[in-house]
Amino acid sequence: MNLSFFAKIIPYFGLCGSVVILSGCLAAGLVYVGKEGEPYSLFNHFISELGEKGVSKAAGIYNTCLSTGGVLFIPLIFFLGVQLNSWWAVLATTTGLLAAISVL
């Protein structure tokens, strides 16, 4: 496999990661019922509450989608850093990889 093959498929990792995370947020948000019986609202709840076991019915779905999305972002971030090849790219790649790994 050559570099042009990776250049063609790597963007799909980012797209798939975004879709997976968004799907997990939507699925967990739609069935969320808070401690006081209230539905999920971006204005009244933190996004992390969707993954709170014991409160969120779909916490497992949310947490799995978040972890999967983080894994899918790692190749994209790494490949972007290699392609940009500058001091700023190293800094941004390091920060991006730490962010993607912290999602796990």
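Below or above, wherever it landed, is the structure these notes cover. Everything numeric here is computed off the predicted structure, so don't read it as measured data. (Residues numbered from 1 in each chain as written. Predicted model: local features only at pLDDT ≥ 70, side-chain atom pairs only at ≥ 80, totals over all residues. Heavy atoms only, no water.)

A few points about the overall build of the chain
Right, so step 1: Scanning the chain for helices and strands turns up 3 helices and 0 strands.
Right, so step 2: Reading the secondary structure of the chain in the N-to-C direction produces α-α-α.
Right, so step 3: For the chain, the spread of C-alpha atoms along the principal axes amounts to about 55 × 25 × 20 Å.
Right, so step 4: Expressed as a percentage of the 104 residues in the chain, the buried residues total 32%.
Right, so step 5: Relative to all contacts within the chain whose residues are 6 or more apart in sequence, the contacts with residues 24 or more apart total 53%.
Right, so step 6: Taking the average place of the 4 positive charges on the side chains of the chain and the average place of its 4 negative ones, the gap between the two points comes to 17 Å. (Helix = DSSP H or I, 4+ residues; strand = E, 2+ residues; numbered from the N terminus. Buried < 20%, exposed > 50% of the residue type's maximum accessible area, 1.4 Å probe, protein only. Contact = heavy atoms within 4.5 Å. Lys, Arg positive; Asp, Glu negative; His and termini not counted. Charge placed at Lys NZ, Arg CZ, Asp CG, Glu CD.)

Quick look at helix 2 (residues 59–84)
Right, so step 1: Between its terminal C-alpha atoms helix 2 stretches 37 Å, which fits the 38 Å expected from 26 residues at 1.5 Å a residue.
Right, so step 2: When helix 2 is considered as a whole, its buried residues turn out to be Ala59, Tyr62, Cys65, Gly69, Gly70, Leu72, Leu76, Ile77, Phe79 and Gly81.
Right, so step 3: Asn85, located one to two residues past helix 2, shows a positive phi value of around 50°. (Expected span 1.5 Å × (residues − 1).)

Concerning unusual backbone geometry
With the exception of glycine, the majority of residues adopt a negative phi angle, and the majority of peptide bonds are in the trans configuration.
Right, so step 1: Positive phi, normally seen in glycine, also occurs at Asn85, with a value near 50°.
Right, so step 2: Tracing the backbone through its elements, the reader meets Asn85 in the loop between helix 2 and helix 3 (87–103).

With respect to the pattern of salt bridges
Right, so step 1: Counted by the stated rule, this structure contains 1 salt bridge.
Right, so step 2: Close ionic contact of Glu52 with Lys35 constitutes a salt bridge, the shortest N to O distance being 3.9 Å. Note that Glu52 is positioned in the loop between helix 1 (3–31) and helix 2 and Lys35 in the loop between helix 1 and helix 2, a separation of 17 residues in sequence.
Right, so step 3: With a relative accessible area of 70%, Lys35 lands in the exposed category. (Salt bridge = Lys/Arg side-chain N within 4 Å of Asp/Glu carboxyl O.)

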